[in-house]
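# Summary of the model geometry
The chain contents come next:
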Amino acid sequence: ESADLEARYGVKGPTIMAEENFNVSPGQFMPVVIMEDGKKKILSMKWGLVPSWAKDIKIGYRMINARSDTLLEKPMWKGLAKHNRALIPARGFYEWQVDELGEKQPYFIHPKDKMVFSFAGLYSVWNDVEGHPLYTFTIITADANKDMNGIHDRMPIILAREDEDRWLNPELNDDKDIVEFLHPSAEGMLTLYPVSKDVNIPANNTPTLLDLIKTK
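Residues numbered from 1 in each chain as written. Predicted model: local features only at pLDDT ≥ 70, side-chain atom pairs only at ≥ 80, totals over all residues. Heavy atoms only, no water.

Of note in this structure, Asp37 is not a glycine but carries a positive phi near 55 degrees. Classification of Asp37 by relative accessible area gives exposed; the value is 72%. Its identity as a non-glycine residue notwithstanding, Lys114 has a phi of 60 degrees, on the positive side. Assignment of secondary structure puts Lys114 in the loop between strand S6 (104–111) and strand S7 (117–127). Given a relative accessible area of 58%, Lys114 falls into the exposed group. (Buried < 20%, exposed > 50% of the residue type's maximum accessible area, 1.4 Å probe, protein only. Helix = DSSP H or I, 4+ residues; strand = E, 2+ residues; numbered from the N terminus.)

Dropping the structure here:
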C-alpha cells in the first residue's frame with residue numbers, strides 16, 4: 001500500500017507504512033500528502049485538526065471537517081487554507097442517510113472508476129511542551145451535489161486528479177485561486193449503495209464493510 005501511494009502521488013521515499021483501512025474514524029492516523037520544504041511528502045497524521053495554538057488536543061475531535069463556504073472568512077481556517085493545504089488519499093467514504101423516523105442507514109460512496117482519489121484537506125502542526133510535533137488534518141466539505149443530496153446535504157471535496165499538484169502549490173495563495181477548488185464533485189462520477197450498520201463500530205475494519213446490502 002505504501003509503495004502504491006508513493007507511485008500514485010509521485011513521492012520518492014522513504015515514506016510511512018500505510019495499511020489499508022476500511023473504517024477510518026476521527027482520531028485515527030492516516031497517510032496525508034503535503035508539500036514541505038519544497039518536496040512532496042506522505043506523512044502520518046491524526047484526523048481532527050489541532051491548531052498550533054491549542055491548549056488541549058481534544059479540540060481535534062471537533063475539527064474533523066472544515067466548511068468550504070467559511071474557509072476564507074474564519075481566522076481559524078484562512079491561514080491554513082493559504083499555506084497548509086493537503087491531499088487526503090482515499091478509495092471511498094461513508095455517509096449516513098437519516099429517514100423521517102430518525103433511522104440511520106450508512107452508504108458507501110466511491111468514484112465509479114474505483115481508483116484512489118484525494119479529498120481536499122488542511123493540516124496543522126502542534127507541539128507538546130517538550131517540542132514533539134503532532135501532525136493533524138481536516139477534510140473540507142461543500143454542499144452536496146445531485147448524486148449525494150438524497151443522502152446528506154454536505155459532502156467532502158474530491159479534487160480532480162489534474163488539480164492535486166495545484167492544490168499543494170505553495171505559491172497559490174490568493175483567495176480567488178483557492179475558491180476555484182471549493183466546489184462539490186461533478187455529477188455522475190460517484191457510485192452510492194447501502195452497507196451494513198457495522199460501520200458504526202470503529203473496531204470493525206474488514207473488507208466486508210463495503211458489501212452492498214438489501215434495505216427495506
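Where empty space is left can be seen by rolling a probe of water-molecule size over the atoms. Within this model, the largest pocket holds a volume of roughly 1200 Å³. What lines the largest pocket is a set of 42 residues, among which Val24, Gly92, Phe93, Tyr94 and Phe119 lie closest to the centre. Sorting the residues of the lining of the largest pocket by element identifies strand S1 (29–36), strand S4 (85–90), strand S5 (93–98), S6, strand S8 (133–143) and strand S9 (154–156) as the ones contributing at least two each. Examining the composition of the lining of the largest pocket, we find that four residues originate from one element, S5, more than from any other. Of the residues belonging to the lining of the largest pocket, the class tally is 26 nonpolar, nine polar and seven charged. (1 Å grid on protein atoms, 1.4 Å probe; cavity = no way out; pocket = protein on both sides within 12 Å on 5 of 7 lines; lining within 4 Å. Points joined across faces, edges and corners; volume = space filled by probe spheres on them. Nonpolar A, V, L, I, M, F, W, Y, C, P; charged D, E, K, R; others polar.)

It is worth spelling out the packing of aromatic side chains at this point. Throughout the structure, instances matching the rule amount to eight aromatic pairs. Ring centres 5.8 Å apart and planes at 70 degrees place the aromatic pair Phe93 and Phe119 in the edge-to-face group. Here Phe93, found in strand S5, pairs with Phe119, found in strand S7; they are 26 residues apart in sequence, far enough to count as distant. Per residue, the accessibility class of Phe93 equals that of Phe119, and both read buried. Between the NZ or CZ atom of Arg8 and the centre of the ring of Tyr9, over which it lies, the distance is 4.5 Å. One Lys or Arg, Arg85, reaches over the ring of Trp167 and ends 5.5 Å from the middle of that ring. (Phe/Tyr/Trp six-rings, centres within 6.5 Å; stacked < 30°, edge-to-face > 60°. Lys NZ or Arg CZ within 6 Å of the ring centre and 35° of its normal.)

The values reported here are purely geometric and, on their own, carry no functional implication.
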